[in-house]
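Working through the structure, step by step
The lines below spell out each chain.
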Amino acid sequence: MKVIITGSASGIGEACAQHFLAAGHEVWGVDVADASIAHPHYTHVLHDIRSDEALPQLPEPQILINSAGTLEEADAIEVNLTRTIAFTQRFTEYATLRSVLFIASASARNGAEFPMYVASKAGIVGYMKNLALALAPRGVTVNAISPGGVITPANQHILESDELYRQVLAETLLGKWAEADEVAELAYFLTVTNRSITGEDILMDNGEMLKSNFIW
């Protein structure tokens, strides 16, 4: 299948691209950074989803995965929400489309990050549900994954600090963060294997949201 993945140069987006390539699919990666993948079935497109310039030539995909995002408060609403919506809308009319996936965040549920980032991710979960309703008559599935902590370059400052890393792991039930490959595996299931889950935001946080101390 033909797969378009934004944010494919690093982190979860790169892991998703590698996973789909290993499974034999053709992948077009869209990112502001240079390619980090060299593969005969991978095409890298240098493009900022915030740009009003014409999007370089892309195929009519079966699968669209929106992984591009930022933690920067000043850019969060534009990158994570409004421009992600605009980018997605470019592909929704294609008859080839069978699945759309958004990488959201556990913060969309508990509000436990910076305000604009939280709002952007909560907004994209709402848009995901709206798109699921719109595309359901065509049999297109639309879902989101909301990771908690993930071992990616974006979290390097925590990973390099023994004290910070100890603190964040203590907030989870399983005492760990997810690997980007784990998110990619779930992304593959939701977009390729799955035909009956749609309009859902799948939490992947190692039990952080559930953790509590029962006092009696």
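Report on the accompanying structure.

So, how was this worked out
- Residues numbered from 1 in each chain as written.
- Predicted model: local features only at pLDDT ≥ 70, side-chain atom pairs only at ≥ 80, totals over all residues.
- Heavy atoms only, no water.
- Axes fitted to C-alpha atoms, helices over the stretch in contact; angles between N-to-C directions.
- Helix = DSSP H or I, 4+ residues; strand = E, 2+ residues; numbered from the N terminus.
- Parallel < 35°, antiparallel > 145°, perpendicular 65-115°, else oblique.
- Left-handed = near helix turned anticlockwise from the far one by under 90°.
- Contact = heavy atoms within 4.5 Å.
- Nonpolar A, V, L, I, M, F, W, Y, C, P; charged D, E, K, R; others polar.
- 1 Å grid on protein atoms, 1.4 Å probe; cavity = no way out; pocket = protein on both sides within 12 Å on 5 of 7 lines; lining within 4 Å.
- Points joined across faces, edges and corners; volume = space filled by probe spheres on them.
- Phe/Tyr/Trp six-rings, centres within 6.5 Å; stacked < 30°, edge-to-face > 60°.
- Buried < 20%, exposed > 50% of the residue type's maximum accessible area, 1.4 Å probe, protein only.

Some points on the packing of helix H1 (residues 11–22) against helix H7 (residues 180–193)
- Where H1 meets H7, the axes come as close as 8 Å, and the angle between the chain directions of the two elements is 55°. One element, H1, and the other, H7, form an angle in the oblique class. The interaxial crossing formed by H1 with H7 has right-handed handedness. Counting all contacts with H1, which are made through Gly11, Ile12, Ala15, Cys16, His19 and Phe20, the residues of H7 involved are Ala180, Asp181, Val183, Ala184, Glu185, Ala187, Tyr188, Thr191 and Val192.
- Its residues assigned to classes, the contact of H1 with H7 comprises 10 nonpolar, three polar and two charged.

Observations regarding empty space enclosed by the protein
- Under the criterion given, the structure shown has one cavity of 30 Å³ or more.
- What the largest cavity holds in volume is close to 50 Å³.
- Contributing to the lining of the largest cavity are Asn66, Ala68, Asn80, Thr84, Phe102, Ile103, Lys121 and Ile124.
- Of the residues belonging to the lining of the largest cavity, the class tally is four nonpolar, three polar and one charged.

Things to note about the packing of aromatic side chains
- A complete count under the given rule lists five aromatic pairs for this structure.
- Relative to Tyr94, the ring of Phe91 has its centre 6.1 Å away and its plane inclined at 55°; by these criteria the two rings are tilted.
- For Tyr94, a relative accessible area of 26% puts it in the partly exposed group.
- Considering the side-chain rings of Tyr165 and Trp177, the 5.9 Å spacing of their centres and the 80° angle between planes classify their relative orientation as edge-to-face. Here the residue Tyr165 occupies a position in helix H6 (residues 162–170), and Trp177 occupies one in the loop between H6 and strand E8 (178–179), the gap between them amounting to 12 residues.
- The exposure class of Tyr165 is partly exposed, given its relative accessible area of 23%.
- For Trp177, a relative accessible area of 9% translates into the label buried.
- A network of ring pairs unites the aromatic residues Phe87, Phe91 and Tyr94 as a single cluster.

Fair warning: the whole summary comes from geometry, so function is off the table for now.
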